[in-house]
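# Architecture and fold: a report
The residues making up each chain are set out below.
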Amino acid sequence: MADTMNDSKTDLMARAEARMAETFGESELSVRQKVALTCRVLFDHGHDSGLAGQITARAEAPGTYYTQRLGLGFDEITEENLLLVDEDLNVLEGSGMANPANRFHSWIYRARPDAQCIVHTHPFHVAALSMLEIPLVVSQMDLAPFYDDCAFLPDWPGVPVGNEEGAIISAALGDKKAILLAHHGHVIAGASVEEACSLAVLIERAARLQLAAMAAGPIAPLPDRLAREAHDWTLTPKRSAANFAYYARQAARKHPDVFRR
């Protein structure tokens, strides 16, 4: 006999969150492995744009982070060939050099102590939307993690290899999880690698949906209260961990060399 049919939505949501906390344990993957998997996941989800784009994650020592080596595509990244760099992009571990555009990541990490992983890519639909100089519009439940949590930079500051672009992008991002960069791409500032990877996959789907909806007619807004409830419900650490685990399993099956040592 069911005994929860008269429970409130608030109680049911709280119970479900508690159950998720019990069900989904801590990942056994290292940060390096998560970053390498994120590169492969995003490659498989259309984020490849030659050598453009960077993925970074805070390392153990303050002011250091992991990133891919310039010259390698996302589909070539393994835990072995990742670099450990400092805020000035000096290589502390590994061979080769980091992408000079990583400089704005250092600015974001300084401004956002909560950010543990940054994803910047130029996926097709995000890039197409950026050409229209309009913000991301969240009008569908699956996209709720971005509701009132995706900033917009309407003016393209140029190639982001200087400190000027770092200051501009980090200021425009503010305290948001994401930002759409006009004439460029997007940036995700995640509280974990799992969250950053999940949101990066989602923002490309969001842009694709927005372009399709705009072609059909005006986009209707979501009710604010319900959209905020959906944002908070879908953007929890355990849900991000579950999303990432699914994507990671797919990537590991498709790219077994990702864990090459």
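Please read all numbers here as calculations on a predicted model, not as lab measurements.

## Considerations on the packing of aromatic side chains
Aromatic ring pairs are defined here through the distance separating the ring centres and the angle between the ring planes. A complete count under the given rule lists two aromatic pairs for this structure. Note on Y65 and Y109: the rings are 5.2 Å apart at their centroids and 40 degrees apart in plane angle, and the pair reads as tilted. Of this pair, Y65 sits in strand β2 (residues 64-67) while Y109 sits in helix α3 (residues 103-111), and the two are 44 residues apart along the sequence. For Y65, a relative accessible area of 2% translates into the label buried. A ring pair is formed by Y246 and Y247, whose centres lie 5.6 Å apart and whose planes are at 40 degrees; its orientation type is tilted. Note on Y246: relative accessible area 41%, which makes it partly exposed. Overall, the relative accessible area of 17% leaves Y247 in the buried class.

## Looking at the sheet that holds strand β5 (residues 117-121)
Pairing in this open sheet of eight strands is mixed, and the strands run β4-β3-β2-β1-β5-β8-β7-β6 from one edge to the other. Every other strand in the sheet has two partners, leaving β4 (91-93) and β6 (150-153) as the edge strands with one partner each. Between one strand axis and the next, the sheet turns through 25 degrees on average, direction left out of account. Two strands pair when backbone bridges link them, and β5 and strand β8 (residues 185-190) are joined in this way by five bridges, in the antiparallel orientation. Residue pairing in the sheet places T121 in a bridge with H186 of β8. Along the sheet, helix α5 (residues 163-173) makes contact with β6, β7 (178-181) and β8, crossing β6 at roughly 140 degrees.

## A closer look at helix α2 (residues 31-44)
In this model α2 runs 20 Å from its N-terminal to its C-terminal C-alpha over 14 residues, within 8% of the 20 Å that 1.5 Å per residue would give. Counting buried positions along α2 yields 11 of 14 residues, so the element is predominantly enclosed. Among the residues of α2, R32, Q33, K34, V35, A36, L37, T38, C39, R40, V41 and L42 are the ones counted as buried. Looking one or two residues past α2, G46 carries a phi angle of roughly 85 degrees, positive in sign.

## Some thoughts on the side chain of Q210
Position of Q210 relative to the elements: it lies in helix α6 (residues 193-216). Among the polar contacts made by the side chain of Q210, one reaches the main-chain amide nitrogen of V137 at a distance of 2.7 Å. With residues up to four places along the chain from it excluded, the contact list for Q210 reads L129, I134, P135, L136, V137 and I219.

## Here we look at the UniProt feature "domain: Class II aldolase/adducin N-terminal" (unreviewed entry) in the protein chain
Summarizing the sequence annotation, UniProt attributes the feature "domain: Class II aldolase/adducin N-terminal" (unreviewed entry) to residues 33-211 in the numbering used throughout. Measuring from the first to the last C-alpha atom of residues 33-211 gives 34 Å, for a span that is 32% helix and 20% strand.

Definitions and cut-offs
- Residues numbered from 1 in each chain as written.
- Predicted model: local features only at pLDDT ≥ 70, side-chain atom pairs only at ≥ 80, totals over all residues.
- Heavy atoms only, no water.
- Phe/Tyr/Trp six-rings, centres within 6.5 Å; stacked < 30°, edge-to-face > 60°.
- Helix = DSSP H or I, 4+ residues; strand = E, 2+ residues; numbered from the N terminus.
- Buried < 20%, exposed > 50% of the residue type's maximum accessible area, 1.4 Å probe, protein only.
- Pairing = 2+ DSSP bridges.
- Axes fitted to C-alpha atoms, helices over the stretch in contact; angles between N-to-C directions.
- Contact = heavy atoms within 4.5 Å.
- Expected span 1.5 Å × (residues − 1).
- Polar contact = N/O pair within 3.5 Å; in protein donor to acceptor, adjacent residues only side chain to side chain.
- UniProt positions renumbered as here; feature names shortened; annotations may be inferred.

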